[in-house]
Amino acid sequence: MNHTSTLLFLAMALSIGGQEARGDSFLTRDDMPNAVNYLPVYPYTDDTRYLDDWVQYSWGKTVRNTTRGQQAVADAIYSVSSISKGFNAAFGMTISSSNTPELYKLLTKALGDCSNGTYVAKNYYMRKRPFDYYGESSATPNDEASLRKNGSYPSGHTTAGWTFALLLAEINPARQDTILSRGYQYGQSRVIVGVHYQSDVTAGRLVASAVVARLHADAAFMEQLKKAKAEFAAKSGM
């Protein structure tokens, strides 16, 4: 293979790789707003804002041995099927690949966009997780090894939960309050299990809002959203 052929092969490989990455999301990482440019810096320990982080972390530990704490542990499973299941009651319909395939496809790709929306800021700040900073255990010990290598700010789980809530509320506005309440609590679950500070969670909601706003400017997303809305209308008899 000569030099020209090698360059052409590499260019094709990069192009294919980009297409494959986009296949799991509507947009690429570069398409997303850069959270480093619009989020405030997280509060350091000498910042008065950090007091709220500490208070909420302390509160979370008191909730773990309760039904709410059990829900927080369940919310830690990061997959489209698990997050969707957590919204079934609020949405008023089972969200799954078999029952709502168009909606499920929308959420699956949107979850990829959530990761794209948080990636840069997480790696830029690499904030240590609260359980790690305080040298304590979390309510999801099996996740701790990987979480130590993943930045705490902003919260990726919260970004996903609030993104799902915003999209589901748009599709089913009759239940918007219940859906948004569930989305809010999904973020608080991260504080309860001790793997995120409150400021991480608050930032995650801001990232979700930015992600959803950017998605609404994408033609492929809007087409899939239209399909999801039509599917919901047909299944709910609206």
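Here, the structure is the one placed above.
Residues numbered from 1 in each chain as written. Predicted model: local features only at pLDDT ≥ 70, side-chain atom pairs only at ≥ 80, totals over all residues. Heavy atoms only, no water.

**Digging into the packing of helix H3 (residues 50–63) against helix H10 (residues 176–192)**
The N-to-C vectors of H3 and H10 enclose an angle of 90 degrees; their axes lie 8 Å apart at closest approach. When the axes of H3 and H10 are compared, the pair comes out roughly perpendicular. In this structure, H3 uses Gln56, Tyr57, Trp59, Gly60, Lys61 and Val63 to contact H10, whose residues at the interface are Gln188, Val191 and Ile192. Its residues assigned to classes, the contact of H3 with H10 shows 5 nonpolar, 3 polar and 1 charged. (Axes fitted to C-alpha atoms, helices over the stretch in contact; angles between N-to-C directions. Helix = DSSP H or I, 4+ residues; strand = E, 2+ residues; numbered from the N terminus. Parallel < 35°, antiparallel > 145°, perpendicular 65-115°, else oblique. Contact = heavy atoms within 4.5 Å. Nonpolar A, V, L, I, M, F, W, Y, C, P; charged D, E, K, R; others polar.)

**Here we look at a nonpolar patch on the surface**
A contiguous nonpolar patch, built from Leu51, Trp54 and Val55 and spanning about 290 Å² of accessible area, is present on the exposed surface. Position of Trp54 among the secondary structure elements: in helix H3. (Patch = residues over 30% accessible without salt bridge, like charges linked within 9 Å, V, L, I, M, F, W, Y side chains within 5 Å. Areas by Shrake-Rupley, 256 points an atom, 1.4 Å probe, with all protein chains shown as cover. Salt bridge = Lys/Arg side-chain N within 4 Å of Asp/Glu carboxyl O.)

**Topic: the packing of aromatic side chains**
Under the defined criterion, the tally for this structure stands at 10 aromatic pairs. For the ring pair Tyr42 and Tyr44, a centre distance of 4.9 Å and an interplane angle of 50 degrees mean the geometry is tilted. Classification of Tyr42 by relative accessible area gives buried; the value is 13%. A relative accessible area of 45% places Tyr44 in the partly exposed class. Taking 5.8 Å as the distance between ring centres and 80 degrees as the angle between the ring planes, the aromatic pair formed by Tyr42 and Tyr125 counts as edge-to-face. (Phe/Tyr/Trp six-rings, centres within 6.5 Å; stacked < 30°, edge-to-face > 60°. Buried < 20%, exposed > 50% of the residue type's maximum accessible area, 1.4 Å probe, protein only.)

**Observations regarding the side chain of Gln198**
Inspection of the secondary structure assignment puts Gln198 in helix H11 (residues 198–215). Judged by relative accessible area, which is 8%, Gln198 ranks as buried. Reaching out from Gln198, the side chain makes a polar contact with the side chain of Gln188 at a distance of 3.0 Å. Excluding anything up to four places from it in sequence, Gln198 contacts Asp52, Asp53, Gln56, Gln188, Val191 and Arg205. (Polar contact = N/O pair within 3.5 Å; in protein donor to acceptor, adjacent residues only side chain to side chain.)

**A word on the environment of Cys114**
Among the structural elements, Cys114 can be located in helix H6 (residues 101–125). When its relative accessible area of 1% is taken as the criterion, Cys114 is described as buried. The spatial distance from the C-alpha of Cys114 to the C-alpha of Thr158 is 9.5 Å, given a sequence separation of 44 residues.

**Observations regarding unusual backbone geometry**
With omega at -5 degrees, the peptide bond leading from Tyr153 into Pro154 counts as cis. Secondary-structure assignment places Pro154 in the loop between helix H8 (144–147) and helix H9 (156–171).

**Looking at the pattern of salt bridges**
Within the structure shown, the criterion is met by 8 salt bridges. The salt bridge partner of Asp47 is Arg49, with a shortest N-O separation of 2.9 Å. Arg127 is the partner of Asp200 in a salt bridge, and the nearest nitrogen-oxygen pair spans 2.7 Å. Separated by 73 residues along the polypeptide, Asp200 in helix H11 and Arg127 in the loop between H6 and helix H7 (130–133) bring together distant segments of the chain. As far as the burial class goes, Asp200 and Arg127 line up, both buried. The structure contains a network of salt bridges with shared partners spanning Asp53, Arg127 and Asp200.

**Re the nonpolar core**
Grouped together as the largest cluster of nonpolar side chains are 44 residues, with contacts concentrated most on Phe91, Leu103 and Leu106. Secondary structure elements with two or more residues in this core: helix H2 (35–38), helix H5 (80–91), H6, H9, H10, H11 and helix H12 (219–236). The biggest single contributor to this core is H6, with 9 residues. Each residue touching Phe91, except ones within four places of it in the same chain, is listed here: Leu103, Leu168, Ile171, Asn172, Arg175, Ile179 and Phe232. Tyr57, Val63, Phe131 and Ile192 belong to the second-largest nonpolar core, a separate cluster that totals 8 residues. (Core = buried A, V, L, I, M, F, W, Y, C linked by side-chain atoms within 4.5 Å.)

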